[in-house]
Each structure stands twice: as structure tokens, then as C-alpha cells.
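Structural features, examined
Listed below are the residues making up each chain.
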Amino acid sequence: MPNDTISVTAWPHGLTRVPFWVYQDKDLLQTEQQRVFEGAVWNYLCLESEIPNPGDWRATVVGYMPVVVARDTDGTIAAFENRCAHRGALICLDDAGRGAKDFHCVYHAWRYDLRGNLASIAFRHGVNGKGGMDASFRMEDHGPRKLRVTTLFGLVFGTFSADTPDIETYIGAEVPPRMERVIGGRQLEIIGRFTQVLPNNWKMYAENVRDSYHASLLHLFFATFKINRLSQGGGLIVSPNGGNSVSSTIAPTETTDQAYAGIRSVDDGFHLEDECMLDVVDEHPDRIRQHIVTVFPNFVVQKTQNAMALRFFTPDGVDRTNLEWIYFGYTDDTPEMRARRLRHLNLGGPAGYVSMEDGCVGGFVERGIASTPDRESILEMGGSGTASQETRATESAVRGFWGLWRQMVGV
Ligand code: FES
Ligand SMILES: [Fe+2]
């Protein structure tokens, strides 16, 4: 369906170019809300473990739509728009709660059950025989929009579209085993949370998390201390729909490494006085030291060293993005392993040794492209396609993201 608001320029050169107006066009944000976030995607909502009992709930967003996720009395999980059917106020004002029986809107006390059904209206029949709603008003015809909900490895996802396939089909057959490797099998426990604001359009961060090319170049800590170099083994999986990906980095085995000769990101003269940040225990026989799993449009599951995390990012205006990090351990971690995970957690987050640069580089792009909506970026590393590759020196997953995004948005 053509969109009248998307008028800046046509899209050039397949997936190897991205015009800069896609990060700048304010009208596009509303189109993305309707066609991407409320379209045929599975949006990450929360962790099952955050709402373990009936009446437990969390507030989140789908794109920029406020949403409530709640566990009903029968144990099932429901999700619905956080918008009162009366005059549109938020139904839930806090971020989370436990043991709720129902939800009351503060404005005029319309009440909703745990599935988001309108359950009662204050003074519906008037007061002292006067006022009230007309007898023809049917409560069941009104209420916030509801999402279809599914779960995978303890993660709760929701969709507004009847066309969204089951989640395994949506993320592609090769992705779930890698996701399971990071978070499946054992009982997870949240050990840390960060939130940060990124000074850039949300799609720049969607590119960044799929961009295995930049990691060892932008993040000096990665390359210098051999946590992540492209010369280490590994590769990139891209799902058939292009939107989801897995980047893997294997523990270093190279005795000499000339790949970074002359590149600023490596200074072999540097070393750490205290190497506890590099003290990794391989918890799987594959010796993969970093896994970054992306799920279209705005979700990441990852493991770097012994730190396991989720990342969830949402638009807050055309040039601002909210990013949430949630770090995990296993409930049966030894004290030593828990201490190690907490140490390695410092690699990520807003001030993380290998992620603080991602917090500002999108701002550098925003500033660089400020006056050139009609110009474009180059995405030719690793060719022009979106196939999986046995290297991370590729922008295949970034092209895959744009392929699916374009299909959904219609440009
Ligand atoms: S806006 Fe919610 S009851 Fe009026
Ligand atoms: Fe990065």
C-alpha cells in the first residue's frame, strides 16, 4: 500500500544503500507504528518470570504504544493497550505491580479485568436516578486493543496482527537453538538492569545490533583484549525473512594476528593490570565467547563472556530511542560464577567497556547526516545479499533488516 507521507525520495540501489531520510522523516514514525510494530511482528513484551503469579503485571510499550502485560487468574498471560476506553488515560501508571484483582483508571474509575475487558463504569446508571450512560451502551463493545501473546524460552512476545506466523517460523529455524543456548534450559534470575537514552533514530540501533562489522573497530576494548576480533572464528546467521540474526565469536586461537595491522582499534602495547574482566569460563563445548541474537524489530538476546543479557529498544520521537538492558544469571549459579557474571556485566550497559561507544555513535551519524536527507549510506561489506555467511566481516544482517522493514513499510 503506497504511503502518501513517504515522499522524500525513492529508495536507491536495492539493499546496498539506505537513504538518510528514513532516520529523519517524522511522518514515517507513525507509519512504522502501524505497519511494523502493530504489523506482522512478534514484539518482546517482558519475561515470564517478571509476572509469575495471577494478578502480576508489567507496563511496557509496543513501538510507542503503551501496553500492559498481566497474568490472569487462570495463569495465562494477556496483553492489551494501556489506554482507557473512556477518554484515553493510561490505565496503569506504574511500571509493574503484583497481585492485582483488576485495574482502575484514575480519571473516572472505569474498571478493567486482568485481560483488559471493560468490567464496570462508575455511575453507569446515574446518581439518584439522574445522569449515567444510555441503556444502549454496551461495555463489551469498548476496551483497549488486545494483543495475541506467545512465549519462548521464558520470554513473552505479543502481536496485534492476525497474519503473524508462529514465533518459531517468524524467527527462522536456525535462531531458536542459539537463543536457547543463551537463556534456555535453566532457571534465570535477573541480576541487573540498565536504561539509557540514545540520541538517534531507533533504526540506527537496529542496524548497530546486527552490524558484526563494527564491533571490533568501534569498540577498542573488544579488539585490544581479544574478546572480539573478526580474525577469531565465528559467523553470521540471517533468518529467511532477513529480520533476525545470530552473530557468533569463537574464543581466540590465533598465535599471531596480522588482520588488524594498521587499524586504530588495536594497540598490542596495552594490557590490563587486573585481568578479571577477561576471566571467562566456557559454559558450552562450542567455545563461542559472544553470541548476539537479534529479533526483528527491536529485541536482542546475547551472551558476552559470562554475561547474559536482553536488549530492548523503542522509539521516543524520530531522533531519540529508549534502550533497556536486562542482565541474567542462573538461580543455581555458584557464588564465583555469579561474581564473574556481575564483573562481565560491566562490558555492557550505557558505560560498558564495549558498549558505551554504541550510545554515542548513533548521535555522530545523526549529526553527520543532518543536512543530507537525500544522500545515502553504503552497505556493501560482504556483498549485496542477506544470506548467512561464515564471517562477521559482512553487513548481511543489516541488509536483511532493511529488506524486511521495506517490505512492511511499503517503500
Ligand atoms: S479516562 Fe479513564 S475513566 Fe475516564
Ligand atoms: Fe557495538
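Let me sum up the structure you'll find in this document. The numbers attached to residues start from 1 for each chain and follow its sequence in the written order. Chain letters and ligand numbers both follow the written order, the letters beginning at A and the numbers at 1. Only residues with pLDDT of 70 or above have their local features reported here, since the model is predicted, and side-chain atom pairs are shown and tallied only from 80 upward, although totals for entire chains, interfaces and linings are computed over all residues.

A few words now on the overall build of the protein chain. For the protein chain, the helix and strand inventory stands at 9 helices and 19 strands. Two things to know: the radius of gyration comes from C-alpha atoms, and the globule rule equals 2.2 Å times the number of residues to the power 0.38. In terms of C-alpha radius of gyration, the protein chain reaches 23 Å, essentially the compact-globule figure of 22 Å for 411 residues. For the protein chain, the C-alpha atoms occupy an extent of roughly 90 × 55 × 35 Å along the three principal directions. A total of 411 residues make up the protein chain; the buried ones form 41% of that total. Only DSSP runs of H or I covering at least 4 residues are called helices, and only runs of E covering at least 2 are called strands; the numbering of each starts at the N terminus. Here exposure depends only on C-beta density: within 10 Å of a residue's C-beta, 20 or more other C-beta atoms make it buried, 12 or fewer make it exposed, and intermediate numbers make it partly exposed, the C-beta atoms being placed from the backbone.

As a further point, take the nonpolar core. Linking buried Ala, Val, Leu, Ile, Met, Phe, Trp, Tyr and Cys residues through C-beta atoms within 7 Å yields a set, and such a set is a nonpolar core. With 90 residues, the main nonpolar core has Val68, Val69 and Ala79 as its most contacted residues. Domain start and stop points were drawn from an automatic or database domain assignment. Of the domains in this structure, domain 1 (43–151) and domain 2 (173–409) are the two that each give at least three residues to this core. Here, residue contact means that the backbone-derived C-beta atoms of the two residues sit within 7 Å. Not counting residues up to four positions away in its chain, the partners in contact with Val69 are Leu45, Cys46, Ile51, Trp57, Arg58, Thr60, Ile77, Ala79 and Val156.

Right, let's get into the packing of helix α4 (residues 202–210) against helix α9 (residues 396–409). Across the interface, α4 lies against α9 with an axial gap of 7 Å and an inter-helix angle of 145°. Of the two possible hands of crossing, α4 and α9 adopt the one that is right-handed. For the pair α4 and α9, the contacting residues are Ala206, Glu207 and Arg210 in the first and Ala397, Val398 and Phe401 in the second. The residue classification treats Ala, Val, Leu, Ile, Met, Phe, Trp, Tyr, Cys and Pro as nonpolar and Asp, Glu, Lys and Arg as charged. All others, Gly included, are polar. Tallied by class, residues from the contact of α4 with α9 come to 4 nonpolar, no polar and 2 charged. For helices, the fitted line uses only the C-alpha atoms of the stretch in contact; every axis is such a line through C-alpha atoms, and the angle between N-to-C directions lies from 0 to 180 degrees. Left-handed is the label given to a crossing in which the near helix is rotated counterclockwise from the far helix by less than a right angle, and right-handed is the label when the rotation is clockwise.

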